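The primary structure of each chain is shown beneath.
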Amino acid sequence: MSLLQQHRERQKNLLPLFSPELRAMRMAFLKGLWQMVLVFTCVFWISISFLYGAGYDTSRHMKDASFIFRNFDSSPAATNISQMIIKAFEPEGMVRLVDHTIDGQYDSVEAIKHAVWVGDSWGAIVVNQGFGDRLNKALTEGADYDPTQAVTLISEESRHFFKVMMATKSVEGALTALEVPFSQMVFQDLVSQGENTPASIISRANPQALVLPYSYAVDNIAPYHFDMSMYILSVTLSLCMVVGSFIPSNMWKTIEEPFFKQVKIPHIIILRLVVNVVWTVFICLQATGIVFAFSGPTWSPNAGDFFGLFGLFVLNTLAFAFFIECLQNWVHPRFLLGAYFTTLFVDIAAAIFGPELNNHFFRITYAMPFMLTGISMRTLLTNGSYAKFQYTITVVVLWAVFWWVISLFLIARKARLVRAGKLLMSNVPPPPGTDSHDHGIKEKTPAVADSKNVQSSAQSQMPISSETTPGSSSSNLMSATPGSTPRRRDVSGSDIEIEDM
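Residues numbered from 1 in each chain as written. Predicted model: local features only at pLDDT ≥ 70, side-chain atom pairs only at ≥ 80, totals over all residues. Heavy atoms only, no water.

## What about the packing of aromatic side chains?
- Enumeration according to the criterion identifies ten aromatic pairs in this entry.
- Each ring, one from W279 and one from F282, has its centre 6.0 Å from the other, and the planes form 45 degrees; the classification is tilted. With W279 and F282 both in helix α12 (residues 265-293) and three residues apart, this pair spans about one turn of that helix.
- In this structure W279 comes out as partly exposed when scored by relative accessible area, which is 27%.
- Feature note: the residues F320, F323, W399, F402 and W403 constitute an aromatic cluster, connected by ring pairs.
- The aromatic ring of F72 is capped on one face by R70, whose charged end is 4.5 Å from the ring centroid. (Phe/Tyr/Trp six-rings, centres within 6.5 Å; stacked < 30°, edge-to-face > 60°. Helix = DSSP H or I, 4+ residues; strand = E, 2+ residues; numbered from the N terminus. Buried < 20%, exposed > 50% of the residue type's maximum accessible area, 1.4 Å probe, protein only. Lys NZ or Arg CZ within 6 Å of the ring centre and 35° of its normal.)

Structure, rendered in structure tokens:
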């Protein structure tokens, strides 16, 4: 038989797509397609909404960022600039300025720096002591003058690099906008004095003090000791999460069937735990080594920094590994990719933008390991500022333990259902007519099966004759004799084993 004839013979057994016999298959396909469209529509909207919500219109919540204000100088010039600064931060789009000049809560610049360092405030604006005396000597005696010694803006970079940058830039813009109005005020005050004329003022004043009597200096008390951006570290953390949780879970899914069907459940649980931990340690060691290889000359890490960063990578990766473990043993395969994508996208959005100045709904990311691990990493890279380890580490550990405990029950449940023939490895019930489905039915009704075996055994012992078999004839008996042509048995759909992996 030629190849063409063989091809034609095979084609005779195949059906057209729109044949009536395949109606059930077409309906199942359309149902699955509709579910995928619905799921990924939800995934897309949730993921993009978190991305936009994490960075959308931060100015509406800028008042949630508080800055300390303190005037350490009692001169008229210091009082005037203090009033101008406080008024400049009254609009809604500005940060909230908390004036501690009267209550005297912070009695020194060092106390204010400590408050910013530990995270009690986003930053601080300080009118330096002696500002009025230095300005007065420069205007009346021509003494040397540095306008940046008037005000100090105390900032830090450990809370969140993106949101802190936005808040700090808005403060810097407001302080810069006051330079010209304050210069005009100082000149008008000098002219208003009866014995002064514009010519006499210009002749004896320091030009620098007359043109720019006020400016500010920025004191970043917690700079990053890392030459590369925190965005790079966020990407590194993302890769650890993906490689350390998604990839081993998917690899395990391709080889897990013999374990679920033949190995004791406690041993399966221990094996999965060992695989997750060993793989996580292996990946995170490499990621930490890469970070240290590109640390740059501004950071001199020690062994404590190495193990601290490595521990943060491991905790974050394990938290997601156990979460993905639960999805792998419970979620329908059509929804797995959507769950992966949403989880990854939401956490990356939170790490890049930070939830501090977001709408309150999007601040739910404070409970996500990715966000909390980023805070801890920034604390390490700023030599300990904004230290919230007690909160961040506790939440990440609880996240990992919670999902690991849930995975224990899901693994045990899946193993029992698979062995009973009620569930396939893809977390879906076996279709009717398959061996797994029939096996489950037989286990469920052993009494019926035993009764059928007894009846068939009794019938096999009865003599076969035309008298004992009503409707039988010699032609019927001839079909079972040697040399006769065996009867053709029709094959139904229930005889075909279908496995949905």
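## What about the pattern of salt bridges?
- A complete count under the given rule lists five salt bridges for this structure.
- E172 is the salt-bridge partner of K169, the closest N and O atoms lying 3.8 Å from each other. Of this pair, K169 and E172 both sit in helix α6 (residues 161-177), three residues apart, which is roughly one turn of that helix.
- Look at K169 and you get exposed, because its relative accessible area is 52%.
- Look at E172 and you get buried, because its relative accessible area is 17%. (Salt bridge = Lys/Arg side-chain N within 4 Å of Asp/Glu carboxyl O.)

## Examining helix α4 (residues 109-118)
- For α4, the complete set of buried residues consists of I112, A115 and V116. Angularly, the buried residues of α4 cover 95 degrees about the axis, an arc narrow enough to put them on a single face. Relative to its buried face, α4 has exposed residues pointing more than 90 degrees away, namely E110 and H114.
- As for α4, its buried residues are in contact with β1 (66-71), β3 (123-127) and β4 (151-155).
- Trailing α4 by a residue or two, G119 shows a phi angle of about 95 degrees, which is positive. (Arc of directions from axis to C-beta. Contact = heavy atoms within 4.5 Å.)

## Some points on the nonpolar core
- By size, the foremost hydrophobic cluster in this structure holds 40 residues, and its most contacted members are I85, F89, I125 and F131.
- Sorting the residues of this core by element identifies β1, α3 (76-88), β3, α5 (131-140), β4, α6, α7 (179-192) and α9 (207-211) as the ones contributing at least two each.
- With near-sequence residues (within four places) excluded, F89 lies in contact with K63, M94, V95, L97, I125, V171, A174 and L175.
- Counting 36 residues, the second-largest nonpolar core is a separate cluster that includes V291, W299, L327 and L372. (Core = buried A, V, L, I, M, F, W, Y, C linked by side-chain atoms within 4.5 Å.)

## What about a nonpolar patch on the surface?
- On the surface, a nonpolar cluster with roughly 730 Å² of combined accessible area is contributed by M27, F29, L30, L33, W34, V37 and L38.
- With respect to the helices and strands, L30 occurs in helix α2 (residues 23-55).
- What makes L30 partly exposed here is its relative accessible area of 47%. (Patch = residues over 30% accessible without salt bridge, like charges linked within 9 Å, V, L, I, M, F, W, Y side chains within 5 Å. Areas by Shrake-Rupley, 256 points an atom, 1.4 Å probe, with all protein chains shown as cover.)

## Observations concerning the confidence of the model for the chain
- Averaged over the chain, the pLDDT score is 79; the fraction of residues at 70 or greater is 82%.
- Across the chain, element-level confidence peaks in β3 with a mean pLDDT of 95 and bottoms out in helix α19 (residues 474-478) with 38.
- Below a pLDDT of 50 lies the segment residues 440-501, which in the model reaches 27 contacts outside its immediate sequence neighbourhood of four places, other chains included. (pLDDT = per-residue confidence, 0-100.)

## A look at the environment of E90
- Here E90 is to be found in the loop between α3 and β2 (96-99).
- You can call E90 exposed: its relative accessible area is 54%.
- Linking E90 and K63, residues 27 residues apart in sequence, is a C-alpha distance of 9.6 Å.

## Observations concerning the sheet that holds β3
- What the five strands build is an open sheet, ordered β2-β1-β3-β4-β5; its pairing is mixed. The open sheet is flanked by β2 and β5 (216-220), the only strands paired with a single partner. On average, each strand axis in the sheet is inclined to that of its neighbour by 25 degrees, with strand direction left out of account.
- Where β4 and β5 come together, five bridges link them in parallel fashion. Within β5, the position partnered with S155 by the bridge is N220. (Pairing = 2+ DSSP bridges. Axes fitted to C-alpha atoms, helices over the stretch in contact; angles between N-to-C directions.)

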